[in-house]
Amino acid sequence: MYLRLEFEYQLQREGLRNARSLGAAGCCYSPPLVDRTLVIVKPDGVERGLVGEIVGRLERKNLRLVAAELRTITRELAEAHYAEHAERPFFADLVAFFSRSPVLLLVVEGPKDTFAVVRTLMGVTNPAEAAPGTIRGDLGIETTENLVHGSDSHESAAREIALFFPELA
Ligand code: IDP
Ligand code: MG
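Residues numbered from 1 in each chain as written. Chains lettered and ligands numbered in written order. Predicted model: local features only at pLDDT ≥ 70, side-chain atom pairs only at ≥ 80, totals over all residues. Heavy atoms only, no water.

On to the pairing of strand E4 (residues 103–110). For E4, a buried count of eight out of eight residues is recorded, marking the element as mostly surrounded by other parts of the structure. Both faces of E4 are covered, namely the face carrying Val103, Leu105, Val107 and Glu109 and the face carrying Leu104, Leu106, Val108 and Gly110. When strand E3 (residues 64–71) meets E4, the two strands line up antiparallel, connected through seven bridges. Residue pairing across strands places Arg64 opposite Glu109, the latter belonging to E4. (Buried < 20%, exposed > 50% of the residue type's maximum accessible area, 1.4 Å probe, protein only. Helix = DSSP H or I, 4+ residues; strand = E, 2+ residues; numbered from the N terminus. Pairing = 2+ DSSP bridges.)

This brings us to the pairing of strand E2 (residues 35–41). Summarising burial for E2: six of the seven residues are buried, a large majority. Bridge count between E2 and strand E5 (residues 148–150): three bridges; the pairing is antiparallel. Its bridge partner lying in E5, Ile40 is registered against His149.

Moving on, we come to the site of ligand 1. Lys42, Tyr82, His85, Phe90, Leu94, Arg119, Thr125, Arg136, Thr143, Thr144 and Asn146 make up every residue found near ligand 1. At 2.9 Å from an oxygen atom of ligand 1 is found a side-chain nitrogen or oxygen belonging to Lys42. Measuring from an oxygen atom of ligand 1, one finds a side-chain N or O atom of Arg119 at 2.8 Å. Its free accessible area being 530 Å², ligand 1 has 78% of it covered by the protein chains. Across the shell around ligand 1, the residue classes tally to three nonpolar, five polar and three charged. (Near = heavy atom within 4 Å. Polar contact = N/O pair within 3.5 Å; in protein donor to acceptor, adjacent residues only side chain to side chain. Areas by Shrake-Rupley, 256 points an atom, 1.4 Å probe, with all protein chains shown as cover. Nonpolar A, V, L, I, M, F, W, Y, C, P; charged D, E, K, R; others polar.)

Grouped together as the largest cluster of nonpolar side chains are 20 residues, with contacts concentrated most on Ile73, Val107, Phe164 and Phe165. Elements that contribute at least two residues to this core include exactly E2, E3, helix H4 (75–81), helix H5 (91–98), E4 and helix H8 (154–164). Considering each element in turn, this core owes the most residues, five residues, to H5. Each residue touching Phe164, except ones within four places of it in the same chain, is listed here: Leu38, Ile40, Arg71, Ile73, Leu77, His81 and Leu105. With 19 residues, the next largest nonpolar core counts Leu50, Val55, Ala68 and Leu104 among its residues. (Core = buried A, V, L, I, M, F, W, Y, C linked by side-chain atoms within 4.5 Å. Contact = heavy atoms within 4.5 Å.)

Attention now goes to the packing of aromatic side chains. The geometry of an aromatic ring pair is captured by two quantities: the separation of the ring centres and the angle between the planes. By the definition in use, this model includes one aromatic pair. Here Tyr82 and Phe98 contribute two aromatic rings whose centre-to-centre distance is 5.2 Å and whose plane-to-plane angle is 75°, an arrangement assigned as edge-to-face. One end of the pair, Tyr82, is in the loop between H4 and H5; the other, Phe98, is in helix H5, and 16 residues separate them in sequence. Each member of the pair, Tyr82 as well as Phe98, is classed as buried. (Phe/Tyr/Trp six-rings, centres within 6.5 Å; stacked < 30°, edge-to-face > 60°.)

Moving on to the environment of Ala96. Of note, Ala96 is situated in helix H5. Overall, Ala96 belongs to the partly exposed group, its relative accessible area being 34%. Here the alpha-carbon distance between Ala96 and Ala78, two residues 18 residues apart in the chain, equals 8.5 Å.

On their own, these measurements won't tell you what the molecule is for.
Spelled out as structure tokens, the structure:
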């Protein structure tokens, strides 16, 4: 499954710009769309049927989907994605978990510092400690199987989008 929504949103952006320049009163506030980040619904989220729940939270926040693809990640790509953790004791388990079944890869777009907005929606790494109202806080209980990945900086977002969606880099 691979949805390319870029063209559709380009049209929406054009429409918004036109509406603003004409001074038309829109029904809804739409923030400027300037920033992208990578979000991944991890294998546990897909296996548990929580894709709709998680994507719904991103959409209700008024973030927009730019790309969405269900893909089984190879061990090599999982190792590259999590390279910063290569020396950590949980690395082998993390790579095995991340490559065991399909993930949903998403590029989402919003206003300034979208990566930070997504991280707030996700909650902290350990779901047992994540605040209620966050994805991990509401839906998870274990540290490795914590449902969702989100880039942790502008630099990580650029690196990770290029890793999984080279055509969008
Ligand atoms: P993040 O996903 O909140 O950015 P990181 O520290 O970057 O957290 O860790 C990457 C992933 O590695 C986590 O989301 C989690 O799946 C796993 N992980 C992190 N710390 C531990 C741990 O102490 N034990 C087991 N798995 C861990
Ligand atoms: Mg991280």
